[in-house]
Amino acid sequence: MPRLPRLAGAAAAALALGVIVAAPAAGQDQPVTAPHIVAHFDLAAGQTPENIALERDGSADLTLAFARQVARVTRDGHTRILATLPAEPNPNAPLVRRAAVTGIARAHDGTLYVNYVTGTSRTGIWRLGPDGGAPVQIARLPHDGFPNGLALDERQGVLYTADSALGTVWRVPLSGGTATPWCRAAALGPLPSPPAAGFGANGLKVHRGAVWVSNTDRGTLLRIPVGEDGSAGPVETRASGLAGIDDFGFPGHGSSVLVALDPDNQVVLVHSDGSSTVVLDRQDGLSNPTSVAVLGRTVYVPSAGYFTRQDPNLLLARLQHPIGR
């Protein structure tokens, strides 16, 4: 999730890194095709789709940030609200100054975990059942932090969350309990002054023995190896110049990544060498895309409409071929 009033400055700062995101050349094979919107949401009600987890049947579980809701959308667009996080009477979340539901992750048994940001003791990770129900807080995170992207490693029995305000990746037992700072580094932090938006570590995924994290202010995609003892290895920059990067998803088992560029209304394919190609844009229906997920050959992209102020939605598209590298 980007900071709403000032992300245009962050985009300009990231572009200043000098890395150009290329559009496909005329006639070049398009890796992502057949984009179509399957669900629309109510912007006035705060239904801004922020993050996504996928069910085995292809349904999408979405956090609707400022409505404080978790919704399930079937592949044919039927939408059901699974849960609403408890109202916070005096929210004071960093960066947005209101309560928001951000990252979401799904366990193999269907249990869902979400980040809730309030600026109070309710800030932390919450759990709800496979079919919704009353959310339960299982871990507290610092009230002055902004937990954003969320991922789980079931083999290790841990959750990881990216803190956009504090430049930290937190680690929490899957059963709940005390959050510990797993990785703190300058590369995870926000830029210290304007035109920075104040958002450092944002999206987060666990992939092939590492925790991958985006940094919105710095326009970077980072990889942090997980050591044999579970500790964090040195932070590696895998791509830069990704202006307004939000969350991302892996289209295969390799290191290529589909990345949501929120202010530019684009999804780009970041190749294993760090170069990038635009695969979806506003003409396809994107309206400030916030995250990406892939199931088989289907690509899912939620859009929040944070800056366009138009048509928050869920878009589906198709991978033309497997992307293995």
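Refer to the structure presented above.
Here goes a summary of the coordinates provided. Note that the coordinates shown come from a computational prediction; the quantities given were computed from them, not determined experimentally. (Residues numbered from 1 in each chain as written. Predicted model: local features only at pLDDT ≥ 70, side-chain atom pairs only at ≥ 80, totals over all residues. Heavy atoms only, no water.)

1. Some points on the overall build of the protein chain
So, step 1. The helix and strand inventory of the protein chain stands at one helix and 24 strands.
So, step 2. Scaling as 2.2 N^0.38, a compact globule of 325 residues should have a C-alpha radius of gyration of about 20 Å, and the protein chain matches this with 18 Å.
So, step 3. If you line up the protein chain on its principal axes, its C-alpha atoms span 55 × 45 × 40 Å.
So, step 4. In the protein chain, which comprises 325 residues, the proportion classed as buried is 59%.
So, step 5. Long-range pairs, those at least 24 residues apart, make up 51% of the contacts in the protein chain with a sequence separation of at least 6.
So, step 6. When the accessible area of the protein chain is evaluated, it comes to approximately 12300 Å², of which 50% is carbon and sulfur surface.
So, step 7. Here the protein chain contributes 26 positive and 26 negative side-chain charges, whose respective centroids are spaced 3 Å apart. (Helix = DSSP H or I, 4+ residues; strand = E, 2+ residues; numbered from the N terminus. Rg over C-alpha atoms; globule rule 2.2 N^0.38 Å. Buried < 20%, exposed > 50% of the residue type's maximum accessible area, 1.4 Å probe, protein only. Contact = heavy atoms within 4.5 Å. Areas by Shrake-Rupley, 256 points an atom, 1.4 Å probe, with all protein chains shown as cover. Lys, Arg positive; Asp, Glu negative; His and termini not counted. Charge placed at Lys NZ, Arg CZ, Asp CG, Glu CD.)

2. Describing the pairing of strand 8 (residues 124–129)
So, step 1. The pairing of strand 7 (residues 112–117) with strand 8 spans five bridges and is antiparallel. The residue bridging V114 from the neighbouring strand is W126, located in strand 8.
So, step 2. Taking the residues between adjacent antiparallel strands as the criterion, strand 7 and strand 8 are bridged by six residues, where G119 takes a positive phi near 80°.
So, step 3. Of the strand pairs in this sheet, strand 8 and strand 9 (residues 132–140) are connected by five bridges, and their pairing is antiparallel. Its bridge partner being in strand 9, R127 is matched across the sheet by V136. (Pairing = 2+ DSSP bridges.)

3. With respect to the packing of aromatic side chains
So, step 1. Summed over the entire model, instances satisfying the criterion amount to seven aromatic pairs.
So, step 2. Look at F66 and Y306: their rings are 6.1 Å apart centre to centre, the planes differ by 65°, and that puts the pair in the edge-to-face class. Here Y306 lies in the loop between strand 23 (298–303) and strand 24 (313–319) and F66 lies in the loop between strand 3 (60–64) and strand 4 (69–73), a separation of 240 residues in the sequence. With respect to class, F66 is no different from Y306; both count as buried.
So, step 3. Ring geometry for Y116 versus W126: centroids 5.9 Å apart, planes at 80°, classification edge-to-face. You can see Y116 sitting in strand 7 and its partner W126 sitting in strand 8, a full ten residues away along the chain.
So, step 4. Residue classification places Y116 among the buried positions, given a relative accessible area of 0%.
So, step 5. Counting every residue linked through ring pairs, the aromatic cluster contains F66, Y306 and F307.
So, step 6. Above the face of the F66 ring, R98 is positioned so that its terminal group lies 3.8 Å from the ring centre.
So, step 7. Sitting above the plane of the F248 ring, K205 keeps its charged end 5.4 Å from the centroid. (Phe/Tyr/Trp six-rings, centres within 6.5 Å; stacked < 30°, edge-to-face > 60°. Lys NZ or Arg CZ within 6 Å of the ring centre and 35° of its normal.)

4. Re the pairing of strand 5 (residues 79–84)
So, step 1. One ladder, built from five bridges, connects strand 4 with strand 5; its direction is antiparallel. Residue A71 lies in a different strand from strand 5, and its bridge partner there is I81.
So, step 2. In sequence, strand 4 turns back onto strand 5 through a hairpin of five residues, with G77 there showing a positive phi of about 95°.

5. Looking at the pattern of salt bridges
So, step 1. Counting across every chain of the model gives eight salt bridges.
So, step 2. Measuring nitrogen to oxygen at the nearest pair gives 3.0 Å for the salt bridge that ties R106 to E55. A residue pair is termed long-range when its members are at least 10 positions apart, and R106 in strand 6 (residues 100–106) and E55 in the loop between strand 2 (49–54) and strand 3 qualify at 51 residues.
So, step 3. Residue E55 is classed as buried on the basis of its relative accessible area, which comes to 11%.
So, step 4. With its nearest N and O atoms 3.9 Å apart, the salt bridge here joins R238 to E236.
So, step 5. Residue class for R238 comes out partly exposed when judged on its relative accessible area of 30%.
So, step 6. Through salt bridges that share partners, E55, D61, R72, R106 and D131 make up one connected network. (Salt bridge = Lys/Arg side-chain N within 4 Å of Asp/Glu carboxyl O.)

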